[in-house]
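# Remarks on the overall topology
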Amino acid sequence: MKYLVMVQGSQADYDAMNGKGSEHSPAWSEKDMQAMFAFMGEINNDLAESGELVDANGLSAPSQTRFVGADKDGKPVITDGPYGETKELLAGYWVLDCPSLERVTEIAARVAACPQPEGTPVYPVVIRPIPDGPGVDA
């Protein structure tokens, strides 16, 4: 079964990673960033070696995000960033091919243990199964 494993973040988190701390999130040092990248790199390498990694990427800051909707007449309504500090969006993801929900949960728990500076917001790691065929599970 394939699973989408997602991590979240806000613009304030991305700012903090660039050394601009706030009451929402303390500034990250270069050492903090290196620890996070090393940790995630080790996870990615292990998943590639086990054959479970299909795809993985970190995403650009929420300020680079664009929301596209439609008004009542079907015309596009476009909202660009930047967004307030509390606007949480997808920060990165893995597509994994795992034998069970238990296995992907083990991986998500490992992702959740990523090192970060004290006082940094903690977001849940989200797991979503990807159905093999058409249809929607209820």
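In what follows, the accompanying structure is described. The written sequence of each chain sets the order in which its residues are numbered from 1. Restriction of local features to residues with pLDDT of at least 70 applies here, the model being predicted, together with a cutoff of 80 or more for giving and counting side-chain atom pairs; totals for whole chains, interfaces and linings are based on all residues. To get the side-chain values, all heavy atoms of the structure are used, and hydrogens and water are removed first.

Labels follow the DSSP assignment, with helices taken as runs of H or I lasting at least four residues and strands as runs of E lasting at least two, numbered in each case from the N terminus. Scanning the chain for helices and strands turns up 3 helices and 6 strands. In sequence order, the secondary structure elements of the chain are arranged as β-α-α-β-β-β-β-α-β. Each principal axis of the C-alpha distribution contributes one length, and for the chain these read about 50 × 40 × 20 Å. Here the chain holds 138 residues, and the buried ones make up 30% of them. Contacts were defined at the residue level, with two residues in contact if any of their heavy atoms lie within 4.5 Å. Of the contacts formed within the chain by residues at least 6 apart in sequence, a portion of 71% connects residues at least 24 apart. Positive charge is attributed to Lys and Arg, negative charge to Asp and Glu, and no charge count is given to His or to the chain ends. Throughout, a charge is located at the NZ atom of Lys, the CZ atom of Arg, the CG atom of Asp or the CD atom of Glu. Averaging the coordinates of the 10 positive side-chain charges in the chain and doing the same for the 21 negative ones gives two points 8 Å apart. Burial classes follow relative accessibility: with a 1.4 Å probe on protein chains only, a residue under 20% of its type's maximum area counts as buried, one over 50% as exposed, and anything between as partly exposed.

Let us look at the nonpolar core. Counting 22 residues, the largest nonpolar core has V5, M40, W94, L96 and V111 as the members making the most contacts within it. Breaking this core down by element, the ones donating at least two residues are β1 (2–9), α1 (11–17), α2 (30–50), β5 (89–97) and α3 (101–112). Not counting chain neighbours up to four residues away, the residues in contact with V5 comprise G92, Y93, W94, L96, V104, A108, V125 and V126. Grouping buried Ala, Val, Leu, Ile, Met, Phe, Trp, Tyr and Cys residues that are joined through side-chain atoms within 4.5 Å yields what is termed a nonpolar core.

Two strands qualify as a pair provided DSSP detects at least 2 bridges between them. As judged from the 8 bridges shared by β1 and β5, these two strands associate in the antiparallel manner. In the strand pairing of β5, Q8 is matched with L90.

Now for the pattern of salt bridges. The salt bridge definition used is simple: a Lys or Arg side-chain nitrogen within 4 Å of an Asp or Glu carboxyl oxygen. Across all of its chains, the model carries 4 salt bridges by this definition. Between D46 and R110 there is a salt bridge, with the nearest N and O atoms lying 2.8 Å from each other. One end of the pair, D46, is in helix α2; the other, R110, is in helix α3, and 64 residues separate them in sequence. R110 gets classed as partly exposed once you look at its relative accessible area, which sits at 31%. Shared partners join several salt bridges into a network, and the residues in it are E42, D46 and R110.

Backbone-to-backbone hydrogen bonds join strands into a sheet, with any given pair of strands oriented parallel or antiparallel. Pairing is antiparallel in the open sheet, where 4 strands are placed in the order β2-β5-β1-β6. Edge positions in the sheet fall to β2 (53–58) and β6 (126–130), since each of these pairs with one other strand and no more. Neighbour to neighbour, the strand axes of the sheet diverge by 20° on average, direction disregarded. Lying on the sheet, α2 is in contact with β2 and β5; it crosses β5 at an angle near 25°. With axes taken as lines fitted to C-alpha atoms, and helix axes fitted only over the stretch in contact, angles between N-to-C directions fall between 0 and 180 degrees. Strand contacts of α3: β1, β5 and β6, with the helix running at about 20° to β1, the strand carrying the most contacts.

Between its first and last C-alpha, α3 extends 16 Å over 12 residues, near the 16 Å set by a 1.5 Å rise per residue. Those residues of α3 that sit buried are V104, I107, A108 and V111. Seen along its axis, α3 keeps its buried residues to an arc of 100°; they face one direction. Taken together, the buried residues of α3 touch β1, α2, β5 and β6. What a helix is expected to span follows from its residue count: subtract one and scale by 1.5 Å. Comment: arc refers to directions from the helix axis out to C-beta atoms.

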